[in-house]
Amino acid sequence: MNTISVYHQCGHNDVWNFDIYNDENVGDGFILCPKMRTKRGEIISLEDSIKEKSFFDPQFYQPRSKLKKLSEYDFFPNVICENEYSTTDFYEIANISAKMCIDFQINQKYKFLVIPIVAYQETPQNYLEIMKQLYIDPFINEIRERKISDKKILLTVVIKDSQLLDMTYTNELLNLITGYIELSGVYLVPLCKKSNKRIKDTEFILNLLKFINILKDNEMYVHVGYSDIEGLIYSIADIDSISIGTYENLRQFDLDNFNERKKEGHPNPPNKRIYSSKLFQWIDFNYLGALKSFGGFNDLFEQNKYITFDVPNKSNWHFKFPELYKHYMMSLYTQYKVLPLSYEERFDFLKEKLLYGVELNKALDDFGILFDSNNDGSHLSCWITAINQFDRYLKGEE
């Protein structure tokens with residue numbers, strides 16, 4: 001298995017990502033994108049030493065989007081179509097968009113070259129044919145014409161829970177991906193509907209692990225983007241790299257984030273939460289008062305320079321938001337870097353840690369601290385079940 005590279009999924013307040021990268025060596029690079037900065041020039045002006053370790057997500061997901069940050073890029077579908085995007089019109093100039101997008105990525109000296117795609121709330125039946133004609137083929141044709149061979153070529157793939165249940169679609173998608181010799185791998189973006197903070201769909205996790213496994217069997221590079229704690233589970237399928245992000249919209253993919261907001265401002269801010277690497281969960285600050293009296297309190301949260309609990313009886317728990325996110329990124333980064341490099345050892349290691357999380361949750365329950373569904377450990381049994389099933393699948397026992 002590979003040592004997993006960890007990339008910062010950049011967005012709003014990405015200065016925190018750069019701070020922890022520069023100050024603490026947390027992260028192996030960055031996923032840069034239009035939405036991270038107001039002006040295109042701010043991304044272009046980043047140091048070459050940063051860009052050469054990073055790659056660029058062109059974010060074509062909503063091609064009709066009129067977001068100002070996306071409009072900074074002349075190759076964006078709605079921009080090149082003069083704010084009147086249609087598949088018919090774009091088909092005529094898709095090759096121009098591809099050429100300009102490739103020019104940008106090569107001129108910026110990014111580590112990988114990314115082929116963008118669009119995504120839909122309701123996926124049309126001819127989705128793969130649309131992707132092939134409007135996005136994949138124009139990029140591949142340009143890559144062939146230029147004879148680009150010094151960079152890995154990654155195809156963006158947004159994969160939904162419903163699509164992973166459709167064996168016919170999944171096979172067609174895998175055939176499409178592996179049918180281009182130019183493609184080195186995928187920039188994989190999982191999309192799973194969920195009602196709580198954690199993914200608790202065992203079937204989705206299992207099917208995603210199988211999907212990744214088939215890609216790896218075909219010697220494809222697999223980066224999983226827009227990932228949260230679940231990325232640790234995906235590691236069992238031998239992914240090459242993973243994203244970590246600050247805000248929730250950088251840790252889970254949502255198409256609505258690529259459209260203009262209907263109302264100015266933001267809804268009520270989310271409750272402050274702190275990451276527990278032992279519980280594999282973000283814990284709401286409202287529980288900290290009760291947790292202080294729990295005997296194993298200091299062990300629940302990794303103590304690093306951003307968050308420490310030297311004074312567990314202290315009543316004032318007002319931490320600044322940057323510290324909470326930096327604490328999370330440092331903790332999760334450490335979790336990725338200590339993963340064993342053989343499948344059996346990694347499987348046993350993760351399963352042991354997850355089972356310990358179950359035990360801790362039971363101890364908290366017995367102590368009288370009952371978390372709600374956004375803070376509890378109910379996802380852990382789903383994750384353990386998924387990796388157990390995946391293990392049987394690999395051994396031909398399924």
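As the structure is a computational prediction, the values presented were derived from the model and not from experiment.

## Examining the pattern of salt bridges
And then number 1: Per the stated rule, a full pass over the model turns up 22 salt bridges.
And then number 2: If you follow the salt bridges from partner to partner, you end up with K99, D103, E142 and R146 in one network.

## Section: the side chain of H379
And then number 1: Structurally, H379 can be placed in helix α15 (residues 378–394).
And then number 2: Looking at H379, the relative accessible area reads 0%, which means it is buried.
And then number 3: The residues contacting H379, other than those within four sequence positions of it, are R198, I199, K200, L279, F280 and Q281.

## Points about α15
And then number 1: Taking 1.5 Å per residue as the helical rise, α15 with its 17 residues ought to reach 24 Å, and the 25 Å between its terminal C-alpha atoms agrees with that figure.
And then number 2: Among the residues making up α15, those that are buried are H379, L380, C382, W383, I384, A386, I387, N388, F390 and D391.
And then number 3: Of the surrounding secondary structure, the elements contacted by the buried residues of α15 are α9 (202–217), α10 (231–234), β10 (281–284) and α14 (343–367).
And then number 4: Where α15 terminates, the next one or two residues include G396, which has phi positive at roughly 75 degrees.

## Observations regarding the side chain of D376
And then number 1: Within the fold, D376 resides in the loop between α14 and α15.
And then number 2: For D376, the residues in contact, after removing those within four places along its chain, are K200, Q281, N361 and F371.

Calculation rules
- Residues numbered from 1 in each chain as written.
- Predicted model: local features only at pLDDT ≥ 70, side-chain atom pairs only at ≥ 80, totals over all residues.
- Heavy atoms only, no water.
- Salt bridge = Lys/Arg side-chain N within 4 Å of Asp/Glu carboxyl O.
- Helix = DSSP H or I, 4+ residues; strand = E, 2+ residues; numbered from the N terminus.
- Buried < 20%, exposed > 50% of the residue type's maximum accessible area, 1.4 Å probe, protein only.
- Contact = heavy atoms within 4.5 Å.
- Expected span 1.5 Å × (residues − 1).

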